[in-house]
Amino acid sequence: MPELPEAETIVRGLRPALHGKVISRARVLRADILRTSPTRFRERVAGRRIQHVGRRGKNIVMELDPPAFLVVNLGMTGRLLTLPSASPSTHPAVRFTLDDGGVLIYDDVRRFGAVEILTPDEWESRSAAMGPEPLDGRFTGRDMFARLQASRSPIRSWLLDQRRVAGVGNIYANEALWRARVHPARPANTLTRKEGVALHRAIRSVLLSAIEHGGTTLRNYRDASGKRGNNASRLCVYGRVRKPCIRCGTEIERIVFGNRSAFLCPECQPREKHHT
DNA sequence: AGTGTATCCTGCAGGC
DNA sequence: TGCCTGCAGGATACAC
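Residues numbered from 1 in each chain as written. Chains lettered and ligands numbered in written order. Predicted model: local features only at pLDDT ≥ 70, side-chain atom pairs only at ≥ 80, totals over all residues. Heavy atoms only, no water.

Enquirer: I tried to follow the environment of Val197 on my own but got confused; where do I start?
Expert: Relative to the elements of secondary structure, Val197 occurs in helix α7 (residues 193-212). The class for Val197 is partly exposed, based on a relative accessible area of 34%. Sequence-wise, Val197 and Thr140 are 57 residues apart; in three dimensions their C-alpha atoms are separated by 8.6 Å. (Helix = DSSP H or I, 4+ residues; strand = E, 2+ residues; numbered from the N terminus. Buried < 20%, exposed > 50% of the residue type's maximum accessible area, 1.4 Å probe, protein only.)

Enquirer: So what exactly am I meant to see when it comes to the protein's contact with DNA strand B here?
Expert: Around DNA strand B, the neighbouring residues are His91, Val109, Arg110, Arg111, Phe112, Ser151, Arg152, Ser153, Pro154, Arg164, Gly258 and Asn259. Within the contact set of DNA strand B, a phosphate oxygen lies 3.2 Å away from a side-chain nitrogen or oxygen of His91. The side chain of Ser151 places a nitrogen or oxygen atom 3.3 Å from a phosphate oxygen of DNA strand B. Of the residues in the surface near DNA strand B, the class split is three nonpolar, five polar and four charged. (Near = heavy atom within 4 Å. Polar contact = N/O pair within 3.5 Å; in protein donor to acceptor, adjacent residues only side chain to side chain. Nonpolar A, V, L, I, M, F, W, Y, C, P; charged D, E, K, R; others polar.)

Enquirer: How should the side chain of Lys21 be read in this particular structure?
Expert: Its location among the elements puts Lys21 in the loop between α1 (4-18) and β1 (23-28). Within polar-contact distance, the side chain of Lys21 engages the side chain of Asp100 at 3.2 Å. Every residue in contact with Lys21, bar those within four places of it in the chain, is listed here: Pro16, Arg48, Arg49, Ile50, Leu98, Asp99 and Asp100. (Contact = heavy atoms within 4.5 Å.)

Rendered as structure tokens:
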């Protein structure tokens, strides 16, 4: 999916269209997107005003009044589209009608996503279970390094675990590791302080740059107005198997672990320290 | 604690 | 053209 930069881009597009609007009703076309019954969902959403549109990790979070949280996780192929949109909704799952006549559609080809309506308590505990926001000032290199030392899991798996850092997915995990010159399979606790700090910086710069470019569209991702992101051409390793490393010319490798592809430059990101 | 495996679901690209 | 396989930005549950 949509990782943090894509969710952030969608939020920025949604905010002006949704802020202050009342959801007059919701129509559920694909009930498996919800985590409750369609009836209960409709009843809990209808009549609430959208007070704030925000993001936590990869989740798009709308704060409603009377107090409730509409939380959207886009899974692999989810979209939140305001109409009229540049790309038509091919697989609509939930359709919200606003009091000003506006329409918001949750669209999802594979339906791995989720649209949930939570109580403030439910949302609070959900959010508390997630790791720090990587772009928040409270997320420091020092902190991250300390937490890396407590884990033996491969660093790429560590980065994908939303309880450790919120919002990093497979694209940006791989990109950040390449920038920091760290092999994705290295156990987290084998990173040196220098590497940990470099990785922390790399995560932030990779995410910030992706947001600046409107997110990465490989296939399905679209922003709230249906437009593609422009970040795909800036990827340095993700999906670049057998293409030359931009830094050193060595062929990029693809390896698989934790059920996901990892991409790396074997020269820039050695698995073991090598002596030169 | 960590890992591999499978699952949810659809579509697309590539090989033959 | 058609059929087959593998692959996909995520998250979770399971057995070991």
